[in-house]
Amino acid sequence: QVQLAESGGGLVQAGGSLRLSCIASGSTFRRSFMGWFRQAPGKEREFVAAINWSGSTTSYADSVKGRFTISRDNAKNTMSLQMNSLKPEDTAVYFCASGAGINFKMVSEYPYWGPGTQVTISS
């Protein structure tokens, strides 16, 4: 089991940047596939980005590709999401998650979640 906690959310203007961080605790972290998801008001929670245990494989939603970068530091049990060129449609609560990595774009594949951090982009 792992416990996750996000930080780094806030309010920025369109075109700006934010860096989200997720710190994990628990014995299964180093074998976990880690992901970022987001949920806007009235919308389903959607996949943003994911990274495998070694960090050698990453995946991004088409809506954020080229703007967001996911990374992890297993020595520090942390994962980050660097968000550049932010748009108003990026506004959402962002969640970090840990799972087995079979269907890493699906919410149902992640048993461990952080409480979320709010990201708001103004125009």
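Right above here is the structure, for reference.
Residues numbered from 1 in each chain as written. Predicted model: local features only at pLDDT ≥ 70, side-chain atom pairs only at ≥ 80, totals over all residues. Heavy atoms only, no water.

Looking only at helices and strands, the chain has zero helices and 11 strands in total. Sequence-ordered secondary structure for the chain, helices as α and strands as β, is β-β-β-β-β-β-β-β-β-β-β. For the chain, whose C-alpha radius of gyration is 13 Å, the value lies close to the compact-globule estimate of 14 Å for 123 residues. When each of the 123 residues of the chain is scored for burial, the buried share is 40%. Counting contacts in the chain only where the partners sit at least 6 residues apart, residues at least 24 apart contribute 58% of the total. For the chain, the accessible area works out to roughly 6,400 Å², and carbon and sulfur atoms hold 49% of it. A distance of 6 Å separates the average location of the 12 positive side-chain charges in the chain from that of its 8 negative side-chain charges. (Helix = DSSP H or I, 4+ residues; strand = E, 2+ residues; numbered from the N terminus. Rg over C-alpha atoms; globule rule 2.2 N^0.38 Å. Buried < 20%, exposed > 50% of the residue type's maximum accessible area, 1.4 Å probe, protein only. Contact = heavy atoms within 4.5 Å. Areas by Shrake-Rupley, 256 points an atom, 1.4 Å probe, with all protein chains shown as cover. Lys, Arg positive; Asp, Glu negative; His and termini not counted. Charge placed at Lys NZ, Arg CZ, Asp CG, Glu CD.)

Here we take up the sheet that holds strand E3 (residues 18–25). Reading across from one edge, E1-E3-E8-E7 is the order of the four strands in this open sheet, with antiparallel pairing throughout. At either end of the open sheet lies a strand with only one pairing partner, and these are strand E1 (3–7) and strand E7 (68–73). For this sheet the average axis-to-axis angle between neighbouring strands, irrespective of direction, equals 15 degrees. (Pairing = 2+ DSSP bridges. Axes fitted to C-alpha atoms, helices over the stretch in contact; angles between N-to-C directions.)

Looking now at the state of the cysteines. Counting across every chain of the model gives one disulfide. Through a disulfide, Cys 22 is tied to Cys 96; the S-S separation comes to 2.2 Å. Between Cys 22 and Cys 96 the disulfide shows an S-S torsion of about 55 degrees. By sign, it is right-handed. Of the two residues, Cys 22 sits in strand E3 while Cys 96 sits in strand E9 (residues 92–99), which places them 74 residues apart along the sequence. As far as the burial class goes, Cys 22 and Cys 96 line up, both buried. (Disulfide = S-S within 2.5 Å.)

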